[in-house]
Amino acid sequence: MTAANPIRVLVADDHPLLREGIAAVLAGQEDIDLVGEASDGREALERFRQLRPDVTLMDLQMPRMNGIDSILAIRGECPDARIAILTTYRGDVRALHAIQAGAQAYLLKSSLRKELVETIRTLAAGKRHIPPEIAADLAAHIGQQSLSPREVEVLQAAALGYSNRDIALQLRITEDTVKGHMRLIMDKLSANNRTHAVAIAVQRGVLEIGTPL
C-alpha cells in the first residue's frame, strides 16, 4: 500500500485509552489509515460491515460479543478478512482458539509500540504474524490432551475456592467423580496439585480467574 492508497484499519477494544494509543501510533504512518473504532465485539462486526477495512485489530475480551465470536462472524461473511488479535494474554489456548477462528496475527498489547505497524503491513500483504513466544507455547503443547468441558468446570470451581464436596453439589455429581476429574486434570496439565493445575490453566488461557461458576 502507498500514501495514495493506504491500508485501512479498524480497531476493536473496550478500553478507550488503548484505542487512543493505537490511533497515536498509526497517525504518523503515511501508508496506514485508521478508519474506524469499536468498543465491543458486536460493534466491531457492525463497523466491519460498514467499512470493509483491509486489517482489523480485535481485542479478545470485550462485552456483548467477545473477540473470538466476532472473528468467527466476520470470517463467516468475509473469508478473506485480515484480522489480528490484540491481547494482554500469551496463553497458548487463547492463541489457538483465535487462530482457529481465523485470526492471522496475535499481538501482545505489551509489544504494540514495536510490532503494531509492521504487523499491519504484514497482514495487508497477505502474510501471518505469530510472535515467537506464542509459537513456542503452541509448539510446546502440541499433542497434549485438552481438558473436557466438564473438567474445565471442575477446575474453574477449584479456582474459585470450592472444596471437592462443594464442587460435587454445584455440578450434581459425586465427590468421587470430582476427585477422578481432578486426577485427570492434573495428569493432562502435568500439574503437581490442584493449585498448580489452576496456575497452569490460567497461564495457558484455559481459565479466567473471576469467571462465575
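The rules behind the values
- Residues numbered from 1 in each chain as written.
- Predicted model: local features only at pLDDT ≥ 70, side-chain atom pairs only at ≥ 80, totals over all residues.
- Heavy atoms only, no water.
- Axes fitted to C-alpha atoms, helices over the stretch in contact; angles between N-to-C directions.
- Helix = DSSP H or I, 4+ residues; strand = E, 2+ residues; numbered from the N terminus.
- Parallel < 35°, antiparallel > 145°, perpendicular 65-115°, else oblique.
- Left-handed = near helix turned anticlockwise from the far one by under 90°.
- Contact = heavy atoms within 4.5 Å.
- Nonpolar A, V, L, I, M, F, W, Y, C, P; charged D, E, K, R; others polar.
- Pairing = 2+ DSSP bridges.
- Buried < 20%, exposed > 50% of the residue type's maximum accessible area, 1.4 Å probe, protein only.
- Polar contact = N/O pair within 3.5 Å; in protein donor to acceptor, adjacent residues only side chain to side chain.
- Salt bridge = Lys/Arg side-chain N within 4 Å of Asp/Glu carboxyl O.

### A closer look at the packing of helix α2 (residues 41-51) against helix α3 (residues 67-77)
Two measures define how a pair of helices packs: the angle their axes make with one another and the distance between the axes. For the pair α2 and α3, the least separation of the axes is 9 Å and the interaxial angle reads 20°. Comparing their axes, α3 and α2 come out roughly parallel. Along this stretch, α2 crosses α3, giving a crossing that reads as right-handed. Of the residues in α3, those touching α2 at G41, A44, L45, F48 and R49 are S70, A73, I74 and E77. In terms of residue class, the contact of α2 with α3 is built from five nonpolar, two polar and two charged.

### Quick look at the sheet that holds strand β3 (residues 55-59)
Here we have five strands laid out as an open sheet, ordered β2-β1-β3-β4-β5, and parallel in their pairing. Of all strands in the sheet, those bounded by a partner on one side alone are β2 (32-38) and β5 (105-108). Averaged over neighbouring strand pairs, the angle between their axes works out to 25° when direction is ignored. Taken together, the six bridges between strand β1 (residues 7-12) and β2 define a ladder with parallel strand orientation. Across the sheet, R8 pairs through a bridge with D33, a residue of β2. Relative to the sheet, α2 contacts β1, β2 and β3, its axis offset from that of β2 by approximately 135°. The strands touched by α3 are β3 and β4 (83-87); relative to β3, the strand with the most contacts, the crossing angle is about 155°.

### Some details on the side chain of Q104
Counting through the fold element by element, Q104 comes out in the loop between α4 (92-101) and β5. Its relative accessible area of 4% is what places Q104 among the buried residues. In terms of polar contacts, Q104 uses its side chain to reach the backbone carbonyl oxygen of A81, at 3.0 Å. At a separation of 3.3 Å, a polar atom in the side chain of Q104 contacts the main-chain carbonyl oxygen of G102. Here Q104 is in contact with R75, A81, R82, I83, L123, K127, R128, H129 and I130, once residues within four sequence places are set aside.

### A look at helix α7 (residues 149-159)
Within α7, the full set of buried residues consists of E151, V154, L155, Q156, A157 and A158. Where the residues of α7 are buried, they touch α8 (164-171), α9 (175-189) and α10 (194-204). Of the residues one or two after α7, G161 is the one with positive phi, at around 95°.

### Describing the pattern of salt bridges
Per the counting criterion, the structure on display carries nine salt bridges. In this structure, E37 and R19 form a salt bridge, with 3.0 Å as the shortest nitrogen-oxygen distance. Linking E37 in strand β2 with R19 in helix α1 (residues 16-27), this pair joins segments that are 18 residues apart in sequence. Judged by relative accessible area, R19 falls into the buried class, the value being 13%. Among the ionic pairs, R49 bridges to E77, the shortest N-O distance being 2.5 Å. On the criterion of sequence distance, the pair formed by R49 in helix α2 and E77 in helix α3 is long-range, its members being 28 residues apart. One continuous salt-bridge network, built from bridges that share partners, spans D13, D59 and K109.

### Let's talk about unusual backbone geometry
Of note in this structure, R172 is not a glycine but carries a positive phi near 60°. By the secondary structure assignment, R172 is in the loop between α8 and α9. In the Ramachandran plot, S190 falls in the positive-phi region, its phi being about 55° despite a non-glycine side chain. On the accessibility criterion, S190 (53% relative accessible area) is exposed.

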